[in-house]
Amino acid sequence: MDYKYDISIIVPLFNEKESLPELVAWIKEVLQREGRSYEIIMVDDGSTDGSWEKIRELAASDSTIRGISFRRNYGKSAALYEGFAAAEGRVVVTMDADLQDSPEEVPELYRMVVEDGWDVVSGWKQHRQDNKLTKNLPSKLYNWTARKVTGIKLHDMNCGLKAYKSEVVKNIEVYGEMHRYIPYLAKNAGFGKITEKPVHHQKRKYGVSKFGIERFVNGFLDLMSLWFLSKFGKKPMHFFGTSGILMFLVGFVMTVWIIAAKLVHQSQGVRYRAVTDQPLFYLALLTIILGVLFFLAGFIGEMISRSSSARNEYNIKETI
């Protein structure tokens with residue numbers, strides 16, 4: 001496959017006007033030193049501080065800079081989606097615009113993809129320059145959970161500095177807030193060669209972080225959604241149907257046990273409680289009802305899945 005550039009640098013940003021000239025100069029210095037052809041795609045996610053005007057100013061004097069501007073703030077995933085669609089490089093590198101990611105890492109990331117054959121190389125900020133209480137500790141818990149759920153052994157799943165083969169970004173769909181789990185999306189698309197590289201992390205030079213502590217809660221919910229879709233997206237009955245049957249059987253056995261115990265006690269003349277006086281009876285009924293509802297949810301989900309236009313969409317590696 002022919003590529004227009006060696007490297008596409010994608011920079012999603014929101015209100016980062018002050019850092020843009022310095023970031024562009026740094027990227028150009030590194031890549032020109034390496035002798036690589038490149039493009040810089042800056043995706044303005046609805047900034048209100050004049051970032052887009054600064055991008056237009058930079059692009060007017062440099063043909064390697066391209067810009068995409070959203071009318072409003074859609075989020076990082078949307079910015080990356082548009083950046084991936086526009087990229088024309090053999091290797092696609094993403095980095096944040098706040099100067100905390102170092103362009104000096106790009107040449108080695110490129111080499112690991114091109115020469116070592118990795119599909120995805122994720123940065124690992126071993127020594128974070130963030131507040132330990134609000135960033136470091138929650139990040140460690142978040143990444144531990146992500147490793148357990150996805151099976152991908154990355155220490156820093158959410159690092160903005162990553163490198164991908166072009167084929168990877170052209171075969172995945174980043175939406176919602178799934179930018180945190182692009183390695184998992186790549187794995188589910190059949191790109192299993194994923195590794196990490198320790199990268200230098202710097203203190204923020206301008207402005208303030210655009211992400212709060214709520215991102216860890218949202219990140220966990222997104223992880224659960226992505227895990228479920230990857231496992232049962234095309235076969236919801238396997239999850240809901242199995243769960244529903246198990247719950248129904250448990251409730252049914254409990255109900256039979258209660259009634260049988262009453263009949264045995266009654267035949268022996270032993271004092272017994274009425275079935276409707278036992279909390280276990282209502283728990284059994286609840287379990288039966290939930291089992292039926294789960295089964296019906298799986299049945300409806302299966303009907304929706306089979307009616308989907310994407311039910312037979314697959315990533316084909318090559319044909320001969």
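Residues numbered from 1 in each chain as written. Predicted model: local features only at pLDDT ≥ 70, side-chain atom pairs only at ≥ 80, totals over all residues. Heavy atoms only, no water.

Check the secondary structure of the protein and you find 10 helices and seven strands. Sequence separation of at least 24 residues holds for 81% of the intrachain contacts in the protein that already meet a minimum separation of 6. A total accessible area of about 17700 Å² is found for the protein, and carbon and sulfur atoms account for 58% of it. (Helix = DSSP H or I, 4+ residues; strand = E, 2+ residues; numbered from the N terminus. Contact = heavy atoms within 4.5 Å. Areas by Shrake-Rupley, 256 points an atom, 1.4 Å probe, with all protein chains shown as cover.)

Paired through backbone hydrogen bonds, the strands of a sheet run either parallel or antiparallel to each other. One open sheet accounts for seven strands, arranged 3-2-1-4-6-5-7; its pairing is mixed. Looking at which strands have only one partner, the edges of the open sheet turn out to be strand 3 (65–69) and strand 7 (194–198). Neighbour-to-neighbour, the strand axes of the sheet open up by a mean angle of 20°, direction not taken into account. As paired elements, strand 1 (residues 5–13) and strand 4 (residues 89–94) share five bridges and run parallel to each other. Residue pairing for strand 4: isoleucine 9 is matched across the bridge by valine 93. Strands in contact with helix 2 (residues 51–60) are strand 1, strand 2 (38–44) and strand 3; relative to strand 3, the strand with the most contacts, it is inclined by about 155°. In the packing of helix 3 (residues 76–86) onto the sheet, contacts are made with strand 1, strand 2, strand 3, strand 4 and strand 6 (162–165), and the angle to strand 1 comes to roughly 160°. (Pairing = 2+ DSSP bridges. Axes fitted to C-alpha atoms, helices over the stretch in contact; angles between N-to-C directions.)

Moving on to the packing of aromatic side chains. Under the counting rule described, the total for this entry stands at six aromatic pairs. Geometrically, the ring pair formed by phenylalanine 84 and tyrosine 164 is edge-to-face, given 5.8 Å between the ring centres and 75° between the ring planes. Highlighted residues: phenylalanine 84 in helix 3 and tyrosine 164 in strand 6, separated in sequence by 80 residues. Phenylalanine 84 gets classed as buried once you look at its relative accessible area, which sits at 2%. Note on phenylalanine 239 and phenylalanine 240: the rings are 5.0 Å apart at their centroids and 85° apart in plane angle, and the pair reads as edge-to-face. (Phe/Tyr/Trp six-rings, centres within 6.5 Å; stacked < 30°, edge-to-face > 60°. Buried < 20%, exposed > 50% of the residue type's maximum accessible area, 1.4 Å probe, protein only.)

With that out of the way, let us pick up the pairing of strand 3. Two strands pair when backbone bridges link them, and strand 2 and strand 3 are joined in this way by five bridges, in the parallel orientation. Bridging from a neighbouring strand, methionine 42 pairs with glycine 67 of strand 3. With helix 2 bridging strand 2 and the parallel strand 3, this β-α-β connection has right-handed handedness. (Right-handed = clockwise from strand over helix to strand, strands pointing away.)

This paragraph deals with the packing of helix 9 (residues 236–267) against helix 10 (residues 279–307). For the pair helix 9 and helix 10, the least separation of the axes is 7 Å and the interaxial angle reads 160°. On the basis of the axis angle, helix 9 is roughly antiparallel to helix 10. As helix 9 packs across helix 10, the resulting crossing turns out to be left-handed. Across the contact of helix 9 with helix 10, the residue classes break down as 21 nonpolar, 10 polar and one charged. (Parallel < 35°, antiparallel > 145°, perpendicular 65-115°, else oblique. Left-handed = near helix turned anticlockwise from the far one by under 90°. Nonpolar A, V, L, I, M, F, W, Y, C, P; charged D, E, K, R; others polar.)

Moving on, we get to the side chain of glutamate 39. With respect to the secondary-structure elements, glutamate 39 resides in strand 2. Ignoring sequence-local partners within four residues, the contact set of glutamate 39 consists of Tyr5, Ile7, Ser8, Ile9, Thr64, Arg66, Ala86, Ala87, Glu88 and Gly89.

Judged by side-chain charge, Lys148, Lys153, Lys187, Lys231 and Lys235 come together as a positively charged surface patch. For lysine 231, a relative accessible area of 44% gives the class partly exposed. (Patch = residues over 30% accessible without salt bridge, like charges linked within 9 Å, V, L, I, M, F, W, Y side chains within 5 Å. Salt bridge = Lys/Arg side-chain N within 4 Å of Asp/Glu carboxyl O. Lys, Arg positive; Asp, Glu negative; His and termini not counted. Charge placed at Lys NZ, Arg CZ, Asp CG, Glu CD.)

Summed over all chains, the structure comprises one cavity of 30 Å³ or more. Its volume calculated, the largest cavity comes out at about 70 Å³. Taken together, Lys76, Leu80, Thr94, Met157, Asn158, Cys159, Gly160, Lys162, Tyr164, His179 and Ile182 form the lining of the largest cavity. Counting only elements with at least two residues in the lining of the largest cavity, the list comes to helix 3 and strand 6. Class assignment of the residues belonging to the lining of the largest cavity gives a composition of five nonpolar, four polar and two charged. (1 Å grid on protein atoms, 1.4 Å probe; cavity = no way out; pocket = protein on both sides within 12 Å on 5 of 7 lines; lining within 4 Å. Points joined across faces, edges and corners; volume = space filled by probe spheres on them.)

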